[in-house]
Amino acid sequence: TERKQAAEALKESEEYLGSILNSIQAGVTIVDAETRTIIGANPYAVNIIGAPIEEIIGQKCHRFVCPADAEKCPILDLGQSVDNSERELIDINGKSIPVLKTVTTIIMGGRKYLLESFVDLTERKEMEQKAREVETLRELDRLRSGLLSNVSHELRTPLTSIKGFASTLLRADVEWSEEEQRDFLMTIDREADRLTSLINDLLDMSRVDAEGLKLDKQDCTITEVLDSIGDALAHLTENHQLQIQLPPELPALFIDQRRIGQVLINLVENATKYSKQGTEITIGAQLKGDEIHFSVTDRGEGIAHESLERVFDRFYQAESIVTGRKSGTGLGLSICRGIVESHGGEIRAESKPGEGPRFTFSLPVGKREEEIGQDSGH
């Protein structure tokens, strides 16, 4: 009688356990801990795997869930849970399905089993992807608004000056002296240069976006690059002290001289915006392995840690403590990154509390593309 009652109790327990497993909205497989073979699976698991229960039972536990980890399957102690993380399930047709998997050990009838449960994350992943796409669209919209705002402001200022001084010169009721006329024309010329610079920035940024930044590479030295932009640097730093520190006998580079000059001009111009008048701005270079590392350092206010990763983003502008306002379109540093990376180099910003920022970019010292092709038999 006791044996019969125990058998009935065991049967009821198994039926109860079976009803629980069948109602769980997660895939569950029961695995023999010794042989690592599947001895049971609930309907949810059967549905995800996409095979009849007869084809699932008897398979190794890693046949479907994270098969790449079959050799790393640990031996679990009783009650220990492991692998509670996102993994990969391969269904009967070879399709990869993201799942959240958990493994727990249980004892049934004096024998150890592994209870593997997994939840299909496909829908959640799709929702996360849509959320990322929405956030990307919002960011694009924000950048577009920033572009319109910045460009409108930057265009309006020189255009207002050009229009104002041109209208003044054309007034018939006033006779301007030769010196006054020259001052007006110089202002018009300077503001026209600002417009040209703005338009060139926009064109360069569009070329970088389209990966169509064409480079006119030639052999040249760093000294030749600096000589070609000497007048521009002198004009930019007329209220600062420009220092150039170059070691002797640096190797020549195969670069687009005008573009690398543009990078240095943009970095120096950025330094003048965020450092006080009369302070030093230093351009340096040194050979490190098979690269030349350029640097532009100023004695300004420094860059907040949270802004270091963003300074090369297009349209991003930190407000200057020195000038009290944001200046420019916020494209200069982004264009620098595009030019440097198109040469196979890297650019970054560093800043320590209480010290001015240091912008560095590297250019590889290597062979010309033609020479590489000849060496490889092309």
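Residues numbered from 1 in each chain as written. Predicted model: local features only at pLDDT ≥ 70, side-chain atom pairs only at ≥ 80, totals over all residues. Heavy atoms only, no water.

## Some points on the overall build of the chain
Next, step 1: Helix and strand counts for the chain come out as 11 helices and 12 strands.
Next, step 2: Within the span of the chain, comprising 378 residues, buried residues form 35% of the whole.
Next, step 3: Within the chain, residue pairs in contact and separated by at least 24 positions form 60% of the contacts whose partners lie at least 6 positions apart.
Next, step 4: With the model as given, the accessible surface of the chain reaches about 23,000 Å², and the carbon-plus-sulfur share is 50%. (Helix = DSSP H or I, 4+ residues; strand = E, 2+ residues; numbered from the N terminus. Buried < 20%, exposed > 50% of the residue type's maximum accessible area, 1.4 Å probe, protein only. Contact = heavy atoms within 4.5 Å. Areas by Shrake-Rupley, 256 points an atom, 1.4 Å probe, with all protein chains shown as cover.)

## Here we look at the packing of aromatic side chains
Aromatic rings in a pair are described by how distant their centres are and how their planes are angled relative to each other.
Next, step 1: Scanning the entire structure with this criterion turns up three aromatic pairs.
Next, step 2: On the basis of an interplanar angle of 45 degrees and a centroid distance of 5.2 Å, the ring pair of Phe165 and Phe184 is categorised as tilted. Here Phe165, found in helix 4 (residues 122-169), pairs with Phe184, found in helix 5 (residues 178-209); they are 19 residues apart in sequence, far enough to count as distant.
Next, step 3: Overall, the relative accessible area of 26% leaves Phe165 in the partly exposed class.
Next, step 4: Using a relative accessible area of 14% as the deciding quantity, one classes Phe184 as buried.
Next, step 5: Between the aromatic rings of Trp176 and Phe184, the centroid separation amounts to 5.2 Å while the plane-to-plane angle is 80 degrees, which identifies the pairing as edge-to-face.
Next, step 6: Classification of Trp176 as partly exposed rests on a relative accessible area of 21%.
Next, step 7: Each member of the aromatic cluster is reached from another via a ring pair, and the members are Phe165, Trp176 and Phe184. (Phe/Tyr/Trp six-rings, centres within 6.5 Å; stacked < 30°, edge-to-face > 60°.)

## Some remarks on the packing of helix 8 (residues 257-273) against helix 10 (residues 332-342)
Next, step 1: Contact pair helix 8 / helix 10: the axes reach a minimum separation of 9 Å and the direction vectors enclose 150 degrees. Between helix 8 and helix 10, the crossing angle belongs to the class labelled roughly antiparallel. Note that helix 8 runs across helix 10; the crossing there is left-handed. Of the residues in helix 10, those in contact with Arg259, Ile260, Gln262, Val263, Asn266, Leu267 and Asn270 of helix 8 are Gly332, Leu333, Ile335, Cys336, Ile339 and Val340.
Next, step 2: Of the residues assigned to the contact of helix 8 with helix 10, the class counts are eight nonpolar, four polar and one charged. (Axes fitted to C-alpha atoms, helices over the stretch in contact; angles between N-to-C directions. Parallel < 35°, antiparallel > 145°, perpendicular 65-115°, else oblique. Left-handed = near helix turned anticlockwise from the far one by under 90°. Nonpolar A, V, L, I, M, F, W, Y, C, P; charged D, E, K, R; others polar.)

## A word on the nonpolar core
Next, step 1: Ranked by internal contacts, the top residues of the largest apolar core, which has 38 residues, are Leu264, Leu267, Phe294, Phe359 and Phe361.
Next, step 2: Those elements that place two or more of their residues in this core are helix 6 (222-228), strand 8 (253-255), helix 8, strand 9 (280-288), strand 10 (291-298), helix 10, strand 11 (347-350) and strand 12 (358-364).
Next, step 3: Here the element with the most residues in this core is helix 8; it accounts for six residues.
Next, step 4: The residues contacting Leu267, other than those within four sequence positions of it, are Val296, Leu333, Cys336, Phe359 and Phe361.
Next, step 5: One finds Val31, Ile38, Ala45 and Ile56 within the second-largest nonpolar core, a separate group that totals 17 residues. (Core = buried A, V, L, I, M, F, W, Y, C linked by side-chain atoms within 4.5 Å.)

## Concerning the sheet that holds strand 10
Next, step 1: Reading across the sheet, the five strands line up as 7-9-10-12-11 and stay open at both edges, with mixed pairing between neighbours. Looking at which strands have only one partner, the edges of the open sheet turn out to be strand 7 (241-245) and strand 11. On average, adjacent strands in this sheet sit at an angle of 15 degrees to one another, irrespective of strand direction.
Next, step 2: Sheet analysis places strand 7 next to strand 9, joined by five bridges and oriented parallel. Paired with Leu242 across the strands is Ile281, a residue of strand 9.
Next, step 3: Where helix 8 meets the sheet, its contacts fall on strand 9, strand 10 and strand 12, and the angle it forms with strand 12 comes to roughly 170 degrees. (Pairing = 2+ DSSP bridges.)

## Some points on the confidence of the model for the chain
Next, step 1: On average, residues of the chain score 79 in pLDDT, and 79% of them are at 70 or above.
Next, step 2: Counting interchain partners and residues more than four positions distant, the pLDDT-below-50 stretch residues 319-326 has 20 contacts.
Next, step 3: Counting interchain partners and residues more than four positions distant, the pLDDT-below-50 stretch residues 370-378 has four contacts. (pLDDT = per-residue confidence, 0-100.)

## A short note on helix 10
Next, step 1: The complete set of buried residues in helix 10 reads Leu333, Ser334, Ile335, Cys336, Gly338, Ile339 and Val340.
Next, step 2: With its phi angle positive at about 85 degrees, Gly344 sits one or two positions after the end of helix 10.

## Some details on the environment of Thr360
Next, step 1: By secondary structure assignment, the location of Thr360 is in strand 12.
Next, step 2: Among the residues examined, Thr360 registers a relative accessible area of 11% and is labelled buried.
Next, step 3: Between the C-alpha atom of Thr360 and that of Ile347, which follows or precedes it by 13 residues, the distance is 5.7 Å.
Next, step 4: Discounting chain neighbours no more than four positions away, the residues touching Thr360 are Phe294, Ser295, Glu346, Ile347 and Arg348.

## Some remarks on unusual backbone geometry
Next, step 1: Positive phi, normally seen in glycine, also occurs at Arg36, with a value near 60 degrees.
Next, step 2: As for its position among the elements, Arg36 is in the loop between strand 1 (27-32) and strand 2 (38-41).
Next, step 3: Look at Arg36 and you get buried, because its relative accessible area is 15%.
Next, step 4: With a phi angle near 60 degrees, Glu249 is a residue other than glycine that sits in the positive phi range.
Next, step 5: As for its position among the elements, Glu249 is in the loop between strand 7 and strand 8.
Next, step 6: For Glu249, a relative accessible area of 81% translates into the label exposed.

## Remarks on the side chain of Thr297
Next, step 1: Along the chain, Thr297 turns up in strand 10.
Next, step 2: A residue is classified by how much of its surface remains accessible, and Thr297, at 15% relative accessible area, is buried.
Next, step 3: If we ignore the near neighbours within four places in the chain, the residues touching Thr297 are Glu280, Ile281, Thr282, Pro357 and Arg358.

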